[in-house]
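# Structure at a glance
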Amino acid sequence: MHAILTKEQAKQYSPAALAFFGDSVYEVMVRRHLLLRANQLAAQLHAQKVHYVCASFQAQGYDAVLLYVTDEEAAILKRGRNVDVTVPRHTHALDYHKATGLEALFGYLSCIGEEARLDELFAIILECVELPEA
């Protein structure tokens, strides 16, 4: 995908808006990963997807990429983590905030056309937080 925005333009968006977009970017990456891992029924794929897209898994992903992000990316993670959001009752607040930070970073990187970087970070998440085979 080509850059939609320059870095300067992307940084003008609120972290909540970047997370809104990044949520879908992250979910598509998860769906592609699951599909390519094994040819399964859609119901099985969906059940697995739920584990990867939940706040607790994404919070672990946030922690996993922290050592590998640039200063610029770390700033986006932090801005996203600090967004004032309503946390669902079934979710720990810290996990939800970290998940929002990760989604903001994925949204930002997608907006500026950094698909290779998205793939790198996603691979780190899968390596560090991969679920056992279903």
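No experiment lies behind these values; they were computed from the predicted model shown.

## Section: the overall build of the protein chain
If you tally the helices and strands in the protein chain, you get 7 helices and 0 strands. Secondary structure of the protein chain in N-to-C order comes out as α-α-α-α-α-α-α. In terms of C-alpha radius of gyration, the protein chain reaches 14 Å, essentially the compact-globule figure of 14 Å for 134 residues. With respect to the three principal axes, the spread of C-alpha positions in the protein chain is 40 × 35 × 25 Å. A burial count over the protein chain gives 43% of its 134 residues as buried. Intrachain contacts of the protein chain at a sequence separation of at least 6 include 71% that bridge at least 24 residues. Positive and negative side-chain charges in the protein chain, numbering 12 and 17 respectively, have mean positions lying 4 Å apart.

## A word on the packing of helix α3 (residues 42–53) against helix α4 (residues 55–65)
At a closest axis distance of 5 Å, the pairing of α3 and α4 adopts a crossing angle of 50 degrees. Taken together, α3 and α4 sit at an angle that is classed as oblique. Along the contact surface, α3 presents H51, Y52 and V53, while α4 presents A55, F57 and Q58. The class makeup of the residues in the contact of α3 with α4 is 4 nonpolar, 2 polar and no charged.

## Thoughts on the pattern of salt bridges
Across all of its chains, the model carries 8 salt bridges by this definition. In this structure, K7 engages E72 in a salt bridge whose closest nitrogen and oxygen atoms are separated by 3.3 Å. Pair noted here: K7 is in helix α1 (residues 7–11) and E72 is in helix α5 (residues 71–81), with a separation of 65 residues, a long-range link. Given a relative accessible area of 36%, K7 falls into the partly exposed group. We classify E72 as partly exposed; its relative accessible area is 25%.

Cut-offs applied
Residues numbered from 1 in each chain as written. Predicted model: local features only at pLDDT ≥ 70, side-chain atom pairs only at ≥ 80, totals over all residues. Heavy atoms only, no water. Helix = DSSP H or I, 4+ residues; strand = E, 2+ residues; numbered from the N terminus. Rg over C-alpha atoms; globule rule 2.2 N^0.38 Å. Buried < 20%, exposed > 50% of the residue type's maximum accessible area, 1.4 Å probe, protein only. Contact = heavy atoms within 4.5 Å. Lys, Arg positive; Asp, Glu negative; His and termini not counted. Charge placed at Lys NZ, Arg CZ, Asp CG, Glu CD. Axes fitted to C-alpha atoms, helices over the stretch in contact; angles between N-to-C directions. Parallel < 35°, antiparallel > 145°, perpendicular 65-115°, else oblique. Nonpolar A, V, L, I, M, F, W, Y, C, P; charged D, E, K, R; others polar. Salt bridge = Lys/Arg side-chain N within 4 Å of Asp/Glu carboxyl O.

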